[in-house]
Amino acid sequence: MAIHVVLYQPEIPSNTGNIARTCAGTETRLHLIRPLGFSTDDKMLKRAGLDYWEHVNITYYDSLDEFFEKNEGGEFYYITKFGKKTFTTFDFSNRDKDHYFIFGRETTGLPKELIMEQQDHALRIPMNDNIRSLNLSNTAAILIYEALRQQDYPNLI
Ligand SMILES: C[S@@+](CC[C@H](N)C(=O)[O-])C[C@H]1O[C@@H](n2cnc3c(N)ncnc32)[C@H](O)[C@@H]1O
């Protein structure tokens, strides 16, 4: 079982590249939901992911519906500043489960109706109101490492 990062319609190639690099270094699986705001040959994407792409387990989908159809089972978490609970209140410690962290697109986040339907699994990372939101790739790293910390860093040194 694994930790999974799901990017809903990511737009900025360097964010996806940074996230791919963190996934490569932590055995986290990456799921990308189209449309993407860049081509997978994009220079910024490659540069941010360096030469680590061969280590990334990556799957593409044409829609959120397709993602849910192909990934049944496991726990799904919706990462949004509109979440009522902070991310550290959740238990990600079970290594025998699949944990899916679903992130929104850089300009518009996750679909509002999805967040409303999934309030109990919507997680917020605390911040003040000097900024509108945190950077997408930073939020992915925060969630991946919180889950790994709770699992005592399996297979990592
Ligand atoms: C740049 S933000 C999107 C901002 C967008 N205007 C919105 O209202 O959600 C891109 C993604 O980063 C994540 N994110 C950014 N700040 C966050 C926070 N404080 N708590 C949880 N997720 C956050 C969310 O997944 C968000 O969809």
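Parameters at a glance
- Residues numbered from 1 in each chain as written.
- Predicted model: local features only at pLDDT ≥ 70, side-chain atom pairs only at ≥ 80, totals over all residues.
- UniProt positions renumbered as here; feature names shortened; annotations may be inferred.
- Near = placed C-beta within 6 Å.
- Nonpolar A, V, L, I, M, F, W, Y, C, P; charged D, E, K, R; others polar.
- Pairing = 2+ DSSP bridges.
- Helix = DSSP H or I, 4+ residues; strand = E, 2+ residues; numbered from the N terminus.
- Contact = placed C-beta atoms within 7 Å.
- Axes fitted to C-alpha atoms, helices over the stretch in contact; angles between N-to-C directions.

- As annotated in an unreviewed UniProt entry, the chain carries the name Putative tRNA (cytidine(34)-2'-O)-methyltransferase and comes from Peribacillus saganii.
- The chain has a UniProt comment under Function (unreviewed entry) that states "Could methylate the ribose at the nucleotide 34 wobble position in tRNA."
- Among the UniProt annotations of the chain, the heading Subcellular location (unreviewed entry) holds the following wording: "Cytoplasm".

Here's the deal with the site of the ligand
Consideration 1: Around the ligand, the surrounding shell holds 16 residues, and the nearest of these are Gly104, Gly109, Ile125, Ser133 and Leu134.
Consideration 2: Looking at the shell around the ligand residue by residue, the classes come out as seven nonpolar, six polar and three charged.

A closer look at the sheet that holds strand E7 (residues 122-124)
Consideration 1: Read from one edge to the other, the open sheet built from seven strands follows the order E3-E2-E1-E6-E4-E7-E5, with strand pairing classed as parallel. Both edges of this open sheet fall to strand E3 (58-61) and strand E5 (85-86), since each of them pairs with a single strand only.
Consideration 2: The pairing of strand E4 (residues 75-79) with strand E6 (residues 99-103) spans five bridges and is parallel. Bridging across to E6, tyrosine 77 finds its partner in phenylalanine 101.
Consideration 3: The strands touched by helix H5 (residues 136-150) are strand E1 (3-8), E4 and E6; relative to E6, the strand with the most contacts, the crossing angle is about 165 degrees.

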